[in-house]
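# Summary of structural features
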Amino acid sequence: MPLPDFTSPTTFKTFNTIPSTLDSTAPSESYYLLAEIKENLSLTRPTLICSDLSSTSFALTWSELNASPHQSDVDFKALGLKKGNCILLPNAKRTDSVDEGKQGKVVIPGGKYEWEAQSGLKVIPGKLEKVVEVGQDWEFTVVEGENTCGNCGKEGEELAKCTGCRGVGYCSKECQVKGWTEGGHKSVCKIIKSFKETWP
Ligand SMILES: [Zn+2]
Ligand SMILES: [Zn+2]
């Protein structure tokens, strides 16, 4: 499956452009809500404060998950649901607050066992800026880069793929090391890997 268009505002929506749960018309096209996790504000219910593509903050919570000060139903950290990572939620809807001035939120239906499968929620391990960068450069770095060294640009079929993401190839050990450090592959390798899993 090809990657969705990361430059399209109709494919990658924001908290303010996703439909409300009061809107019963089915969306004509599928879309994603993409946002970076800024804070874990779980009190009685697991709650993550996220910031979307327009830097709007909203709360993400689960309808049937419980949290106590000491323990949650779900180990958020183990699932990667932590500050500095992104969430990707297909066809998300916004729950509008009846209280004027109080911000709405995104509620994922379900509890401990169905919470991930039902909603299609994915964690993308990286900051929003980097996630968007990888998405927009995908054709060039991963698709067209198939037979091109990710560091020096040398073409060839004998490229060794990065063992982390298997998305970028290098002509030599030296190029791989340079690509990882100076080339910045270190900050995008996990993102590339999760994109390949999300859109195989
Ligand atoms: Zn090279
Ligand atoms: Zn890699």
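Residues numbered from 1 in each chain as written. Chains lettered and ligands numbered in written order. Predicted model: local features only at pLDDT ≥ 70, side-chain atom pairs only at ≥ 80, totals over all residues. Heavy atoms only, no water.

Looking up the protein in an unreviewed UniProt entry gives the name MYND-type domain-containing protein, with the organism given as Triangularia verruculosa.

## Some remarks on the pattern of salt bridges
Rules: Whenever Lys or Arg places a side-chain nitrogen within 4 Å of a carboxyl oxygen from Asp or Glu, that contact is recorded as a salt bridge. Per-residue accessibility, obtained with a 1.4 Å probe over protein chains only, is compared with the maximum for each type, and a residue is labelled buried under 20%, exposed over 50%, and partly exposed between these values.
Counted under the stated rule, the structure contains five salt bridges. One salt bridge connects Glu36 with Lys38, and the closest N-O pair in it is separated by 3.5 Å. Residue classification places Glu36 among the buried residues on the basis of a relative accessible area of 7%. Ionic contacts of the salt-bridge type, sharing partners, join the residues Glu36, Lys38 and Lys127 into one network.

## Concerning the packing of helix H2 (residues 128-143) against helix H4 (residues 189-198)
Note the following rule: The angle between two axes is taken between their N-to-C directions and runs from 0 to 180 degrees, where each axis is a line fitted to C-alpha atoms and a helix contributes only its stretch in contact. Here a helix means four or more residues in a row that DSSP labels H or I, a strand means two or more in a row labelled E, and each is numbered from the N terminus. Should an angle lie under 35 degrees it is considered roughly parallel, over 145 roughly antiparallel, and from 65 to 115 roughly perpendicular; all remaining angles are considered oblique. Residue contacts follow a heavy-atom distance rule, with two residues in contact if any of their heavy atoms lie within 4.5 Å. Ten residue types, Ala, Val, Leu, Ile, Met, Phe, Trp, Tyr, Cys and Pro, are classed as nonpolar, four, Asp, Glu, Lys and Arg, as charged, and the remainder, Gly among them, as polar.
Running from N to C, H2 and H4 cross one another at 75 degrees; their axes reach a closest spacing of 10 Å. Taken together, H2 and H4 sit at an angle that is classed as roughly perpendicular. Counting all contacts with H2, which are made through Lys130, Val131, Val134, Gly135, Trp138 and Val142, the residues of H4 involved are Ile191, Ile192, Phe195 and Lys196. Residues that form the contact of H2 with H4 fall into these classes: seven nonpolar, one polar and two charged.

## Section: the pairing of strand E4 (residues 57-62)
Note the threshold: At least two DSSP bridges between two strands are required for those strands to pair.
The buried fraction of E4 amounts to five of the six residues, a majority that puts the element mostly inside the structure. As paired elements, strand E3 (residues 47-52) and E4 share five bridges and run antiparallel to each other. Paired with Leu48 across the two strands is Leu60, which belongs to E4. The antiparallel pairing of E3 with E4 creates a hairpin that spans four residues between the two strands, and Ser55 there sits at a positive phi of about 65 degrees. Two strands pair when backbone bridges link them, and E4 and strand E6 (residues 105-108) are joined in this way by four bridges, in the parallel orientation. Paired with Thr61 across the strands is Val107, a residue of E6.

## Focus on the coordination of the zinc ion (ligand 1)
The condition is simple: Shown as donors are all N, O and S atoms within 2.8 Å of a metal ion, widened to 3.2 Å for Na, K and Ca; because water is not in the atom set, sites may appear incomplete. Only four donors with every angle between 85 and 135 degrees are called tetrahedral; only four or six donors with opposite donors over 155 degrees apart and all others between 65 and 115 are called square planar or octahedral, in that order; all others are irregular.
In this structure, Cys149 (SG), Cys152 (SG), Cys171 (SG) and Cys175 (SG) serve as the protein donors to the zinc ion (ligand 1), at separations of 2.3 to 2.4 Å. With four donor atoms in place around the zinc ion (ligand 1) and angles of 106 to 115 degrees between them, the coordination shape is tetrahedral. Linear spacing of the donor residues for the zinc ion (ligand 1) on their chain is C-x2-C-x18-C-x3-C. Of this pair, Cys152 sits in the loop between H2 and strand E8 (160-161) while Cys175 sits in helix H3 (residues 173-181), placing them 23 residues apart in sequence. In this structure Cys152 comes out as partly exposed when scored by relative accessible area, which is 45%. Judged by its relative accessible area of 9%, Cys175 is buried.

## Some points on the packing of aromatic side chains
Formally: Note on aromatic contacts: the rings of Phe and Tyr and the six-membered ring of Trp form a pair at centre separations within 6.5 Å, being stacked when their planes are under 30 degrees apart, edge-to-face when over 60 apart, and tilted otherwise.
Inspection of every chain in the model, using the stated rule, returns nine aromatic pairs. With 5.5 Å between their ring centres and 20 degrees between their planes, Phe12 and Tyr32 make a pair best called stacked. With a gap of 20 residues between them, Phe12 in strand E1 (residues 12-13) and Tyr32 in strand E2 (residues 32-40) connect regions that are remote in the sequence. Each member of the pair Phe12 and Tyr32 is classed as buried. With 5.1 Å between their ring centres and 5 degrees between their planes, Phe15 and Phe58 make a pair best called stacked. With Phe15 in the loop between E1 and E2 and Phe58 in strand E4, this residue pair connects regions lying 43 residues apart in the sequence. In this structure Phe15 comes out as buried when scored by relative accessible area, which is 3%. Members of the aromatic cluster, each reached through a chain of ring pairs, are Phe6, Phe12, Tyr32, Trp138, Phe195 and Trp199.

## Digging into the nonpolar core
The test is simple: Each nonpolar core is a collection of buried residues, namely Ala, Val, Leu, Ile, Met, Phe, Trp, Tyr and Cys, held together in the definition by side-chain atoms within 4.5 Å. An automatic or database domain assignment supplies the start and end points of every domain.
Counting 27 residues, the largest nonpolar core has Phe6, Leu34, Val131, Ile192 and Phe195 as its most contacted members. Elements with a contribution of two residues or more to this core: E2, strand E5 (86-90), H2 and H4. Structurally, this core is a two-domain feature, drawing no fewer than three residues from each of domain 1 (12-124) and domain 2 (129-198). Other than its neighbours up to four places away in sequence, Leu34 contacts Phe6, Phe12, Lys13, Asp52, Leu53, Cys86, Ile87, Leu88, Leu128, Val131 and Val132.

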